[in-house]
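Each chain, written out:
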Amino acid sequence: MFQTAAGVRIPFPEKLSEQCQQDGDTLTSNLSFEKLADFVRAFYAELDEPLFLAIHPDAEADEVWYLDNMTKKQLTMILDGYGELLYQDGLSAFAIGSLATEEELFVQKYKVLSIYSPRIGRFAKLLERFGVTRTDRLVTAWDTFSKEHPGEAQRLEIAGQTVPDMIRELQKIGMYKG
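To start, this report covers the structure provided alongside it. Sequence order sets the numbering: in each chain, residues are counted from 1 along the sequence as written. Only residues with pLDDT of at least 70 get local features here, since the model is predicted, and only at 80 or more are side-chain atom pairs given and counted; chain-wide, interface and lining totals rely on the full set of residues. Note that water and hydrogens are dropped before the side-chain values are worked out from all heavy atoms of the structure.

**Thoughts on the nonpolar core**
Core analysis: the largest hydrophobic core is formed by 49 residues, its most contacted members being F39, L53 and I55. To qualify as a helix, a DSSP run of H or I must reach at least 4 residues; to qualify as a strand, a run of E must reach at least 2; elements of each kind are numbered from the N terminus. By residue number, the principal contributor to this core is helix α2 (residues 72-88), which donates seven residues. Contact definition: two residues touch when any of their heavy atoms are within 4.5 Å. For F39, the residues in contact, after removing those within four places along its chain, are L31, L105, L113, I115, L126, L127 and F130. As used here, the term nonpolar core means buried Ala, Val, Leu, Ile, Met, Phe, Trp, Tyr and Cys residues forming a set that is joined through side-chain atoms within 4.5 Å. Any residue under 20% of the maximum accessible area for its type is buried, any over 50% is exposed, and the rest in between are partly exposed; the area is computed with a 1.4 Å probe on protein chains only.

**Considerations on the packing of helix α1 (residues 36-45) against helix α3 (residues 120-129)**
Taken N-terminus to C-terminus, the directions of α1 and α3 make an angle of 150°; their axes are 11 Å apart at the nearest point. If you check the angle between α1 and α3, you find them roughly antiparallel. Considering only the axes of α1 and α3, their crossing is right-handed. In this structure, α1 uses F39, A42 and F43 to contact α3, whose residues at the interface are F123, L126, L127 and R129. Charged means Asp, Glu, Lys or Arg here, nonpolar means Ala, Val, Leu, Ile, Met, Phe, Trp, Tyr, Cys or Pro, and polar covers whatever is left, Gly included. In terms of residue class, the contact of α1 with α3 is made up of six nonpolar, no polar and one charged. All axes here are fitted lines through C-alpha atoms, helices being fitted over the stretch that makes contact, and every angle between N-to-C directions spans 0 to 180 degrees. An angle counts as roughly parallel when it lies under 35 degrees, as roughly antiparallel when it exceeds 145, as roughly perpendicular when it falls between 65 and 115, and as oblique in every other case. In this scheme, a crossing is called left-handed if the near helix is turned counterclockwise away from the far one by less than a right angle; it is called right-handed if the turn is clockwise.

**Considering the side chain of Q88**
Along the chain, the position of Q88 falls in helix α2. With a relative accessible area of 11%, Q88 lands in the buried category. Any pair of N or O atoms that falls within 3.5 Å is considered a polar contact. Within protein, one atom must be able to donate a hydrogen and the other to accept it, and sequence-neighbouring residues count only if both atoms are side-chain atoms. Separated by 2.6 Å, the side chain of Q88 and the backbone nitrogen of A6 make a polar contact.

Such coordinate-based values are descriptive only and should not be taken to indicate function.
Okay, structure coming up:
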């Protein structure tokens, strides 16, 4: 059964499948929540350094915070400390990418994934390793919403912190508002 993040409620999760749809150099995908952390790590393991992390504390607002020029080891340390909060929170979105190649994974609201790469085939293969199949018509969380059955997203607190708290902490090591 397709799992969602704790901060997300989708009215009909049974309508979602682990599938991806390609549009040029972009793959949009659904991935069941229990696989998200492992997929994120596998994605950035494929990237050329330096890496960046971009956090949208409210996925529907223009505010974006950046931490860039990181090694894979530095990003791993940040995700070891804050990943669960980023993965579970329903209101935020985040991106991880390479400053060298501009390849990027964007984890959108409702945890819909978008991957951009001029070499997108290698990430299609990565998604396949995680059980994601290709389709010509991807059904995302947004496609399941109606006036009678809206989706819900909420701000979570994990280990006493929220995404805005995390951003304040990461500012101490160079996170800046874009």
